[in-house]
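Residue-level structural notes
As a plain string of letters, each chain reads:
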2 protein chains.
Amino acid sequence: MWSTMQDVPLTITSILRFGTGTFGTREVVTWTADGPRRRTFAEVGERAARLANALRALGVDGDQRVGTFMWNNAEHLEAYLAIPSMGAVLHTLNIRLSADQLAYIAGHAEDRVVLVDASLVPLLATVLPDMETVRHVVVVGDADTAPLEGAGKDLHSYEDLLAAASPDFDWPELDERQAAAMCYTSGTTGNPKGVAYSHRSSYLHSMSAATGNAFGLSASDRVMPVVPMFHANAWGLPYAALLAGASLVMPDRFLQAAPLVELIETERPTVAGAVPTIWADLLRHVREHGGDLSSLRLVPCGGSAVPESLLRGFDELGVRIVQAWGMTETSPVATVAHPPVGVTGDEAVRYRISQGRVLAGLEVRIVGDGDRVIPNDGTSVGEVEIRGPWITGAYVKAEDAGRFHDGWLRTGDVGTLDPDGYLVLTDRAKDVIKSGGEWISSVELENRLMAHPDVVEAAVVGVPDDRWQERPLASVVLREGATTTAADLRGFLGEHVPHWQLPERWTFIGEVPKTSVGKFDKKVLRRRYADGALPVEHLD
Amino acid sequence: MWSTMQDVPLTITSILRFGTGTFGTREVVTWTADGPRRRTFAEVGERAARLANALRALGVDGDQRVGTFMWNNAEHLEAYLAIPSMGAVLHTLNIRLSADQLAYIAGHAEDRVVLVDASLVPLLATVLPDMETVRHVVVVGDADTAPLEGAGKDLHSYEDLLAAASPDFDWPELDERQAAAMCYTSGTTGNPKGVAYSHRSSYLHSMSAATGNAFGLSASDRVMPVVPMFHANAWGLPYAALLAGASLVMPDRFLQAAPLVELIETERPTVAGAVPTIWADLLRHVREHGGDLSSLRLVPCGGSAVPESLLRGFDELGVRIVQAWGMTETSPVATVAHPPVGVTGDEAVRYRISQGRVLAGLEVRIVGDGDRVIPNDGTSVGEVEIRGPWITGAYVKAEDAGRFHDGWLRTGDVGTLDPDGYLVLTDRAKDVIKSGGEWISSVELENRLMAHPDVVEAAVVGVPDDRWQERPLASVVLREGATTTAADLRGFLGEHVPHWQLPERWTFIGEVPKTSVGKFDKKVLRRRYADGALPVEHLD
């Protein structure tokens, strides 16, 4: 028996219509060197229609990809709305990727047009000649476009295109499963992999962000996405704000603590999302120079684990940080760490530094050796798998069955799930050490070691072992002049860590090798160990 | 280009899994003559699986319909979860319909099984023999089932069936567009008409209820649906509570002010939904006898217009009423009346007594004569039409094209929409008076007339007029001994109402005829006027 309900698709077009119609008086504020500039949602809606007409006139048709190389600003919001709603696919290019990676992903996505902020023209110029599928570059704002010339692309001014275009666009009826936007993961191995969000997934993700167990967004909010719009749709905050009728406060390229504090004081956002590094800078700045953050009712924080000290530091300012976890493949918000009702103080902090509970609509499970689903008992450790309507089930034009398991995404994160649904991540799957059927968290050993006063850095990797399959190797950087021994450190670790987890293999090195984004490069340590290039001390 | 996202359907099964899994420690509290009884969501989940097995064993297969004839309690919640999740269709029978209507809708829906509360056995017994498609009756609780015997149905005990059934059920994969639940409108003309909600529509409606612009439900809430679960899914609150991880507080049949106050004081719900009559009784009771309603953070109120005095009365108690508007055909929540951000006091009340703003996902428009869409200017009056994924587009097994217009539902309500999206209803479409191309609200004239100290009741209907097509006829009941004349009343009206809207035709009657649910029966007045049965006085 079929229902009698209307068959209305869940689309970005619907978010566009709703946000710029019912909430047309809301505004998007963009920070500039001269202070804020403002535009109402109604104006954004009209300009999105002009942009769609302009892109159509440049030949963008069907589901062609349009790249953006932009900061967080009103024009990027216009692109977020116009490109998917016209049936094309928004491809947010991550300006922080290497030139090689950028050329690769623009080519892989077959971007036809790139919109670029004036301030990013010099950076785009270095890679544009290698973006072979790109025909048109549209420059937002006033820029010297000389560096772009010679790349063989047609250059346009965003404002000129909009001024010449009609303010009415006949938005097509779209299938909600059609691609709306693309993002590439900055994979540490191999080429970046593309995820294509659907209209449906983006819509549901936005709706979810507005629910009470996520960020409870409403028309009373002013939402400030500090997280870049080229990172997994700025955590979905721009679309969610339109859907909630919440005004947007955009920092553009002013991501340092001083301008952010000024922006918060001036525009009084109620919700602001960014990675821990940004908030740590801001906290330091406010402690040194003062600053009024009192407008913020909730500060979603994610991208890497939120340190307890950061959370407590903001608590002291009366500003509530809430940890959220996810990845490009999960749209990205998958879990949010609100404490259970009635739990307060230190007990609440224990829940708040977990990854939190999964949002309604999604399911998580923990999978152990042999792809066996293991209990949600808060102690059994395994890889986290996730499933739901805003989770990716494939990569664009890529065979990568290894990342999927019976329709679930293997997240590559390792952790536990407790009976109340709280997820705690303990390691990346590729870094966990599998010793005799039990799993040892490299991250936990590293954190314990780095708590020793003589240890500057410590990296722990799994190395082959005849008896246990794998055992931990601890690579330690001591502070200058320290005389601490491996046995000392093993004793120190033994105060907190079960005996069977203690490393037998130790090496003292001058520096832990790092990747281009500053993370420990454990591949290099494993290779050096395999090559016998590390001086290893064995303890019993 | 198709997206790479997982194709996971939006189903009641997903709400069941999530609510009884991640939030398995939440509880449903059911009020009884002996105080509260409690069950965890995990227990509800297990019992829902047992119920599905039991119904399967009774022969319920495919998309067969299972009726419920029940109050708000834990067992009704189990039926809400089990029946749609097993692929069958939940049909909530409105216990307040007449026996004829009940027999009609059970037959029209082809209900195979009916679950009935022990306290409702005598009422069901009066109609059961006429429910021809029903094979099985399952009695919840201890009851004398003698009145049900002789109807030729197999009788069962709910608890016996559950005890004998397996606690595991292999929930099928369902299409989200499949019917999940049915509700019949108690239409004032003709037979009741059936609406079949889909899994998708119920899911999205629940998610919407949890967003900040609706009720912002979260795991911190305790939700008390006073509105019956046989009225449009109790406004979707039971499903929304599961999805939000909010505990449920169920009043069962104890809907009088005294037990409701005791329930609120004992179980401390944070959100409670009911019609204005219930809240007015409660307010009166608390004013006379005292009572602690301080646990309530939000009181959704709808079903009929919320009087300003009620809203202000609750404000004085520190409890915030929020008006919501919808109908069976809209799942039902369509608009919610939160005031604009920053607006407070009397100015806020003006918005709070409107029907509010439409929820994200839905669209409303105002349509005038000739099905022309008219401006959202806050003054142009027309019929309200609505569209969206939880709005019905047809009736079950019924041709009723007149209620639909280009894919939109004609709500039968008349009103205005302002540029900020606030909807104000002024009349029912069938009662509005169309005078020379302009519309006159019968409700506004009635309210103005009833504000006169000598007027007990007043009903205004449109009657044929040679020049203006229609003109208002005012039917007035004066208080005993009053000597007020039609001219006096016309003068009184003229202080507030434009001259062209003032009735020329007046009649004084002993009582306004009423329908079975106590509403003015305007059909009767129109017929009496047409028959010349009313003594009408004409003024110029």
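As the structure is a computational prediction, the values presented were derived from the model and not from experiment. (Residues numbered from 1 in each chain as written. Chains lettered and ligands numbered in written order. Predicted model: local features only at pLDDT ≥ 70, side-chain atom pairs only at ≥ 80, totals over all residues. Heavy atoms only, no water.)

Residues and elements named next belong to chain A. Of all seven residues that make up strand β5 (residues 111–117), six are buried, and the element is covered over most of its length. Note: strand β3 (residues 65–69) against β5, five bridges, orientation parallel. Considered in β5, the bridge of V66 is made with V113. (Buried < 20%, exposed > 50% of the residue type's maximum accessible area, 1.4 Å probe, protein only. Helix = DSSP H or I, 4+ residues; strand = E, 2+ residues; numbered from the N terminus. Pairing = 2+ DSSP bridges.)

Turning our attention to the relation of the copies chain B and chain A. Structural alignment of chain B on chain A gives an RMSD of 0.1 Å, achieved by rotating through 180° and translating 0.0 Å along the axis. Taken together, the rotation angle and the small translation identify this as a two-fold axis. The C-alpha atom lying nearest the rotation axis in chain B is that of T211 of chain B; the distance is 2.0 Å. Comparing interface residues between copies, 100% of those in chain B also lie at the interface in chain A; the contact surface is shared. (Least-squares fit on C-alpha atoms with pLDDT ≥ 70 in both. Contact = heavy atoms within 4.5 Å.)

Applying the stated criterion across every chain, the model contains 85 salt bridges over all chains. The shortest N-O distance in the salt bridge between R37 of chain A and E75 of chain A comes to 2.9 Å. Of this pair, R37 of chain A sits in strand β2 (residues 35–40) while E75 of chain A sits in helix α3 (residues 74–85), and the two are 38 residues apart along the sequence. Judged by its relative accessible area of 32%, R37 of chain A falls in the partly exposed class. Classification of E75 of chain A by relative accessible area gives buried; the value is 3%. For R177 of chain A, the salt bridge is made with D7 of chain B, and the minimal N-O distance between the two is 2.7 Å. Taken as a pair, R177 of chain A in the loop between α6 (158–164) and β8 (179–185) and D7 of chain B in the segment before α1 (12–21) lie in two separate chains rather than in one. Judged by its relative accessible area of 57%, D7 of chain B is exposed. (Salt bridge = Lys/Arg side-chain N within 4 Å of Asp/Glu carboxyl O.)

We now examine the interface of chain B and chain A. A common way to report how large an interface is uses the accessible area buried once the components associate. The interface is formed by 75 residues belonging to chain B together with 76 residues belonging to chain A. Carbon and sulfur atoms make up 56% of the surface buried where chain B meets chain A, a total of about 5500 Å² over both sides. The largest share of the area that chain B buries against chain A comes from M1, M5 and Q6 of chain B, three residues that together contribute 16% of it. Put simply, chain B and chain A have 34 residue pairs in polar contact (both at pLDDT 80 or more) between them. Broken down by secondary-structure element, the contributors of at least two residues to the side of chain B that touches chain A are α1, β8 (179–185), β9 (193–198), α7 (199–209), α8 (237–244), β16 (356–358), β19 (382–387) and β21 (408–417) of chain B. (Buried area = accessible area lost by both parts, 1.4 Å probe. Polar contact = N/O pair within 3.5 Å; in protein donor to acceptor, adjacent residues only side chain to side chain.)

Once that is clear, we can look at the sheet that holds strand β6 (residues 136–140) of chain A. Residues and elements named next belong to chain A. If you trace the seven strands from one edge of the open sheet to the other, you get β7-β6-β5-β3-β4-β8-β9, paired in mixed fashion. Of all the strands in the sheet, just β7 (154–157) and β9 (193–198) have a single pairing partner and so form its edges. Taking the axes of each pair of neighbouring strands and ignoring which way they run, one obtains an average angle of 25° across the sheet. Of the strand pairs in this sheet, β8 and β9 are connected by six bridges, and their pairing is antiparallel. Opposite Y184, over in β9, you have G194 as the bridge partner. Contacts from helix α7 (residues 199–209) reach β8 and β9 within the one sheet, and its direction differs from that of β9 by about 75°. (Axes fitted to C-alpha atoms, helices over the stretch in contact; angles between N-to-C directions.)

We now examine the packing of aromatic side chains. Residues and elements named next belong to chain A. Under the counting rule described, the total for this entry stands at 14 aromatic pairs over all chains. Judged by centre distance (5.9 Å) and plane angle (80°), the rings of W279 and F314 are edge-to-face. Highlighted residues: W279 in helix α10 (residues 276–289) and F314 in helix α11 (residues 308–316), separated in sequence by 35 residues. The ring of Y395 carries K193 above its face, with NZ or CZ at 5.3 Å from the centroid. Just above the ring of W408 sits the side chain of R365; from NZ or CZ to the centre is 4.0 Å. (Phe/Tyr/Trp six-rings, centres within 6.5 Å; stacked < 30°, edge-to-face > 60°. Lys NZ or Arg CZ within 6 Å of the ring centre and 35° of its normal.)

The subject of this paragraph is helix α15 (residues 522–530) of chain B. Residues and elements named next belong to chain B. Turning to α15, its buried residues number three or more, namely K522, V524 and L525. Down the axis of α15, the buried side of the element spans an arc of 155°, and every buried residue falls inside it. Looking at the buried positions of α15, the neighbouring elements they touch are α13 (442–450), β25 (455–465) and β26 (469–478). Within two residues after α15, G532 carries a phi angle of roughly 70°, on the positive side. (Arc of directions from axis to C-beta.)

This part takes up the sheet that holds strand β1 (residues 27–32) of chain A. Residue and element names in this part refer to chain A. Across the sheet, which stays open at both edges, the five strands sit in the order β2-β1-β11-β10-β12 with mixed pairing between neighbours. Only two strands of the sheet have a single neighbouring strand rather than two, namely β2 and β12 (271–273). Mean inter-strand twist for the sheet, computed between neighbouring axes without regard to direction, equals 20°. Bridge analysis of strand β10 (residues 222–225) against strand β11 (residues 247–250) gives two bridges, and the strand direction is parallel.

Residue and element names in this part refer to chain B. Positionally, V336 belongs in strand β15 (residues 333–336). In the structure, V336 is positioned 121 residues away from F215 in sequence and 8.6 Å away in space, judged by C-alpha atoms. The residues contacting V336, other than those within four sequence positions of it, are N213, A214, F215, V322, Q323, A324, Q355, G356, R357 and L359.

What follows covers the environment of A487 of chain A. If you trace the backbone, A487 of chain A turns up in helix α14 (residues 486–494). Distance in space between the C-alpha atoms of A487 of chain A and I264 of chain A is 50 Å, their sequence separation being 223 residues.

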